[in-house]
Structures are given as structure tokens and as C-alpha cells.
Amino acid sequence: MRDIQHFISGAAQPGVSGRFGEVFDPNTGEVQAKVALATAAEVDVAVQAALKAQPAWAATNPQRRARVMFEFKRLVEARMDELAGLLSSEHGKVIADSKGDIQRGLEVIEFACGIPHVLKGEYTEGAGPGIDVYSMRQPLGVAAGITPFNFPAMIPMWMFGIAVAVGNTFVLKPSEKDPSVPVRLAQLFMEAGANLGMDLAGVLNVVHGDKVAVDAILTHPAIAAVSFVGSSDIASYVYSTGTAHGKRVQAMGGAKNHGIVMPDADLDQTVKDLVGAAYGSAGERCMALPVVVPVGAKTADAIRERLLAEIETLKVGVSTDASAQYGPVVSAAHRKKIADYIQIGVDEGAELVVDGRGFALQGFEKGFFIGPSLFDQVRPTMKTYQEEIFGPVLQIVRAESFEEALALPSQHQYGNGVAIFTRNGRAAREFAARVNVGMVGINVPIPVPVAYHTFGGWKRSAFGDVNQHGVEGVKFYTKIKTITARWPEGMTEDSAFVIPTMR
């Protein structure tokens, strides 16, 4: 059985707490590894390593930091198959989806390769007599990231890619459910530095753990900023605890993304988009689309009929099956949670059109598989609509008008993403302007912005004022300094006893 260790100051560090978590193979249901769970003291060791490395790393000019990111990107791409196989073996998503997970993270690394340009400040010559004003962006020091199980490659790279490129050092606490890929990324980062003749020990550290490690990060006085992705309740806790201890915090929470289908939509294409967005990665992603809102009874009936036909073609299989659309969910506990939500929906009176609870894969009966489920006649008052299921469950919530459809995502407690499917440009434009949601797709079912834009939801989907990656990510991981300079020709005896002005 593999033993997954911490990665601190450029080397593997065995755990000393005596506590371990089990890492399963979701395809078979078997335990394949154990991962050390850190104490607060072990988190401190990682922070001290980051503190020691930070001054020299910050003093490294932006071009050289960018070269490290270029080399890191090259190494990750060269090991794509290895990383995807490792990711799938612990998470359960199919290989193609794992490669997408890694590629999405690499797109942020690509953005970080251009960090010298993004870090340029502003300059005003002659703001006053002989006075120039300019600004510079400087790193915060040590930053930390707490990442979820559903994207063990992408989300860590979203965080540390920007943070280290601008001159911070980083402590990453990944999910203990699938921790191997984050460690491998840290090793490749070290290799990238070595290939360029640079010792990057302490720049990127990985500690594994549960709430003990999370609390140690949130309360550590040397950590200046914390980025988090996970459930909304924990995001709220992370935000309140971290900010109470003087940290910058961006905490991304849950979601209940809606797909509004107008009567003029291309229904054949829309249904394919809905099925992929709802059931891809077994629905275990915060940008999944688990609610479809057809406008009008005729549209709803047509969508339902097409969905049934499309769902029948879905293949659920092991992660290595290239023909499978999705694989198992991450754990037996999560599979039970999804099944419990399906039963709640039945008890609340929704119509269960397709029931995926009885699905079993021959030869892998102990794997954490669950088939696709479809509900119709779901009402906004139902618990299954109000809460995030995070599984392969699609709900049809019928609306009679555009205004009713617009109100559903706008009034929901979550505001991460939303999509509208229509051929009407005016309706799409009005929807995008008025909907109370942070990310909008127009005929795009999963509206995750490209890496040089920014990712973030509204309401209980995000806590904090600054979004992830793009220029917003640079702002989050840096502090701005403004300098006002005067170079007089001769000294003056006059002193300024009032606030200076630019007259």
C-alpha cells in the first residue's frame, strides 16, 4: 500500500501525527493508499520553509520566475498521461476528463508565464512641480490554498500558479481524498527550477490533513492570504476565521447552476449540452448544470422527451474505459449522499423519471458507481432544488415565462453560474444583464471563463471581494505600493506643515 507524505522544502516529509486518511480506488472500492494527516506543528514547518524561501524568490526578477512557469508547464504536458492516470485512479473521473482537469490548470500557468507584463505598475510624470508618481505591485509573503477533491490538478494550479509567479511562496493543503497529483505537481515545480539551475526548496509546499490542518492555516500569523474552494458552509467558516486573523481570503462555495431553455432554442444541441454538463464528471463539479428550466409547456415536454433518449445512450464505466462518459463518484459516503437526495426528491413529490440508484457495473460491484437520474415537476420549495446534490442528478423545473425563468437563478441562494439557450440575441442580452449570478453562458452550458479572465460566483457561492485567476488573481496575491518622488534642484528651508498638494 502506498504511503502519501507531505512535501516540504523540496522533499518528501513523513507524517508524525500518527493519524492517516484512507485513499480509495473509486472503481473497485478498495483502499489503495494512506495519507498522513498533519498536526498544527507540521503545518508550521511548511510555513517556516515558505518564509525562509520567500525573500530570495521575491527578489528573483519576474522574467526568471516566468521561465520557471514555462518549464513547469512543459514538464506537466510531458507527463500528461502519467498525471491523468494517477488522478483518475484516486478521483474516479474518466481519463479524458482528468486530462481536461490538468489542461484547465495549465491554462492558468500559461497566463502566469506572462507575469512580467501583468506586474507593471502605473507612472505619472510631472504630477506636480518636479514630482513624479508611480506604483508597484509587490508579493504578500506566504500564501496558502485549501482545495477540494473534484479538481485535484486544476484548482491547485489556479491558486499557486498566480501566487508564486508574483513572488509569494505557497503552502497547499489539498483534499485528503485524492492527494497524489498535488504532490506530483510540487515535485515537477522543483524539477522545473532545477532544470534552470535554481533551487526552489520551500517555494511550493504541500501538507495533507483535515480540519486540524485547515485551522492551523487559517490562524497562522505568518500566512498573509488564503484561497479556498469547497462547500458554502465551510467557505463561510474559512472566510470568517481567516479574516478574523488578519488574512486576505477568497473562499468559493457551492452552486446550483441553471440552464434556461427558451422556446426558440436548438433543442437537439441544447439537450446534448445539458446531458454533458449535468452528468459529466458524475456531476462532481461546481460548474455542473443540474437544473434545466424550460420556458413553456411545449418546450418542457420536448426537452424531457429528448433528455430521456440521450440519457439512454450514456455509458458509465471505469475510469480507464475510453468509451465511458463518466466513472464512479469519489467515495461510498458521497454515493450514499447522492442516493439519499434522490429519495428526498421522491418523498417531496417530484417525478423520478430515471432512477440511477440501482446501477451496478459488472465486475466492479464494489466500486462507487451511480447511474444518471432525472427528475421532472421539481418545485423551487423542494430541498433537492435548494441544496447542492453534487452528483449525476438533473432536475427539470418548469417555467411559464421568461420572467419566471429569470427569477429562479436570481433568487436562489447560490449564484455561481447560469446558462441561457436561445437564438434570440435580445433575450440573451437582457438575461445576461439582469440575472443575479456571477458567471453567465449564452448557449454555453458550463461558462467557466478562460484563464486571462476571472472566475467567481455571487451570493453563497463566494465569500470575499476578489475572484480567482486572471488579473483579479494577481490583485489578490499582491499589494500595491504608490511612490511620490521629488528631485528639487536645490534644498529649501521651508517645511510643509500642511498636506501637500500638486499645485
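Above this note sits the structure.
Only a predicted model underlies this, so the values are computations on that prediction, with no experimental measurement involved.

**Re the overall build of the protein chain**
Move 1: Each helix and strand counted, the protein chain has 16 helices and 23 strands in total.
Move 2: Over its C-alpha trace the protein chain gives a radius of gyration of 25 Å, about what one expects of a compact globule, namely 23 Å for 503 residues.
Move 3: Referenced to the eigenvectors of the C-alpha coordinate spread, the extents of the protein chain come out at roughly 85 × 60 × 40 Å.
Move 4: Counting all 503 residues of the protein chain, 55% fall into the buried class.
Move 5: Nonlocal contacts in the protein chain, meaning residues at least 24 apart in sequence, comprise 73% of its contacts between residues at least 6 apart.
Move 6: Accessible surface, the protein chain: about 20900 Å² in total, of which carbon and sulfur atoms supply 53%.

**Looking at the nonpolar core**
Move 1: Within the largest apolar cluster, 65 residues are counted, with the highest numbers of intra-cluster contacts made by Phe72, Ile102, Met157, Phe170, Leu185, Phe189 and Tyr477.
Move 2: Shared between two domains, this core holds at least three residues of each, these being domain 1 (2-253 + 461-483) and domain 2 (258-442).
Move 3: Look past the residues within four positions of phenylalanine 72 in its chain and what remains in contact with it is Ile109, Met157, Phe160, Leu185, Leu188, Phe189 and Ala192.
Move 4: Judged by nonpolar contacts, the second largest core, of 57 residues, contains Leu274, Tyr279, Val354 and Ala419.

**A word on the side chain of aspartate 97**
Move 1: Considering the arrangement of structural elements, one finds aspartate 97 in helix α4 (residues 95-112).
Move 2: Arginine 285 provides the closest opposite charge to the buried, salt-bridge-free aspartate 97, at an N-O distance of 4.2 Å.
Move 3: When sequence neighbours within four positions are dropped, the list of residues in contact with aspartate 97 reads Ser281 and Arg285.

**Thoughts on the packing of aromatic side chains**
Move 1: Per the counting criterion, the structure on display carries 10 aromatic pairs.
Move 2: The interplanar angle of 80° and the centroid separation of 4.9 Å between the aromatic rings of phenylalanine 476 and tyrosine 477 together place this pair among those described as edge-to-face. Comparing phenylalanine 476 with tyrosine 477, the two get one shared label, buried.
Move 3: Members of the aromatic cluster, each reached through a chain of ring pairs, are Trp57, Phe72, Phe160 and Phe189.
Move 4: The ring of phenylalanine 20 has lysine 34 lying over it, and the distance from NZ or CZ to the ring centre is 4.5 Å.

**Focus: the environment of glycine 367**
Move 1: Position of glycine 367 among the secondary structure elements: in the loop between β15 (351-354) and β16 (373-376).
Move 2: A residue is classified by how much of its surface remains accessible, and glycine 367, at 2% relative accessible area, is buried.
Move 3: Distance from glycine 367 to tryptophan 57, taken between C-alpha atoms, is 45 Å for residues 310 residues apart in sequence.
Move 4: Ignoring anything within four residues of it in the chain, the contact list for glycine 367 reads Pro26, Asn27, Thr28, Gly29 and Arg335.

**As for the packing of helix α3 (residues 80-91) against helix α7 (residues 180-195)**
Move 1: Put simply, α3 and α7 touch, their axes get as near as 9 Å, and they point 155° apart. Taken together, the axes of α3 and α7 lie roughly antiparallel to each other. Between α3 and α7, the residues in contact are Glu82, Leu83, Leu86, Leu87 and Glu90 and Ser180, Val181, Arg184, Leu185 and Leu188, respectively.
Move 2: Grouping the amino acids of the contact of α3 with α7 by side-chain chemistry returns 6 nonpolar, 1 polar and 3 charged.

**Description of the pattern of salt bridges**
Move 1: Scanning the entire structure with this criterion turns up 25 salt bridges.
Move 2: A salt bridge links aspartate 233 to arginine 460; the nearest nitrogen and oxygen atoms lie 2.7 Å apart. In this pair, aspartate 233 sits in helix α9 (residues 232-244) while arginine 460 sits in the loop between β21 (458-459) and β22 (462-463), placing the two residues 227 residues apart along the sequence.
Move 3: Relative accessible area serves as the criterion here: at 57%, aspartate 233 is assigned to the exposed category.
Move 4: The partner of lysine 475 in a salt bridge is glutamate 472, and the shortest N-O contact between them spans 3.8 Å. On the criterion of helical spacing, the pair formed by lysine 475 and glutamate 472 is a turn pair, its members being 3 residues apart in helix α16 (residues 470-476).
Move 5: Overall, the relative accessible area of 39% leaves lysine 475 in the partly exposed class.
Move 6: Taken together, the shared-partner salt bridges connect Asp301, Arg304, Glu351, Asp376 and Arg398 into one network.

**Comments concerning α7**
Move 1: Between the first and last C-alpha of α7 there are 23 Å, a value that for 16 residues agrees with the 22 Å anticipated at 1.5 Å per step.
Move 2: Counting buried positions along α7 yields 12 of 16 residues, so the element is predominantly enclosed.
Move 3: Within α7, burial applies to Ser180, Val181, Pro182, Val183, Arg184, Leu185, Ala186, Leu188, Phe189, Met190, Ala192 and Gly193.
Move 4: Glycine 197 sits one or two positions beyond α7 and adopts a positive phi of about 75°.

**Description of the layout of surface pockets**
Move 1: Of the pockets and cavities examined, the largest pocket occupies roughly 900 Å³.
Move 2: Around the largest pocket, the lining comprises 36 residues; the ones closest to its centre are Phe149, Phe228, Gly230, Ser231 and Ile234.
Move 3: The set of elements that each furnish at least two residues to the lining of the largest pocket consists of α8 (211-219), β11 (223-229), α9 and α12 (332-348).
Move 4: With 4 residues, the single largest contributor to the lining of the largest pocket is α9.
Move 5: Here the lining of the largest pocket is built from residues that sort into 14 nonpolar, 12 polar and 10 charged.

Conventions and cut-offs
Residues numbered from 1 in each chain as written. Predicted model: local features only at pLDDT ≥ 70, side-chain atom pairs only at ≥ 80, totals over all residues. Heavy atoms only, no water. Helix = DSSP H or I, 4+ residues; strand = E, 2+ residues; numbered from the N terminus. Rg over C-alpha atoms; globule rule 2.2 N^0.38 Å. Buried < 20%, exposed > 50% of the residue type's maximum accessible area, 1.4 Å probe, protein only. Contact = heavy atoms within 4.5 Å. Areas by Shrake-Rupley, 256 points an atom, 1.4 Å probe, with all protein chains shown as cover. Core = buried A, V, L, I, M, F, W, Y, C linked by side-chain atoms within 4.5 Å. Domains from an automatic or database assignment. Lys, Arg positive; Asp, Glu negative; His and termini not counted. Salt bridge = Lys/Arg side-chain N within 4 Å of Asp/Glu carboxyl O. Phe/Tyr/Trp six-rings, centres within 6.5 Å; stacked < 30°, edge-to-face > 60°. Lys NZ or Arg CZ within 6 Å of the ring centre and 35° of its normal. Axes fitted to C-alpha atoms, helices over the stretch in contact; angles between N-to-C directions. Parallel < 35°, antiparallel > 145°, perpendicular 65-115°, else oblique. Nonpolar A, V, L, I, M, F, W, Y, C, P; charged D, E, K, R; others polar. Expected span 1.5 Å × (residues − 1). 1 Å grid on protein atoms, 1.4 Å probe; cavity = no way out; pocket = protein on both sides within 12 Å on 5 of 7 lines; lining within 4 Å. Points joined across faces, edges and corners; volume = space filled by probe spheres on them.

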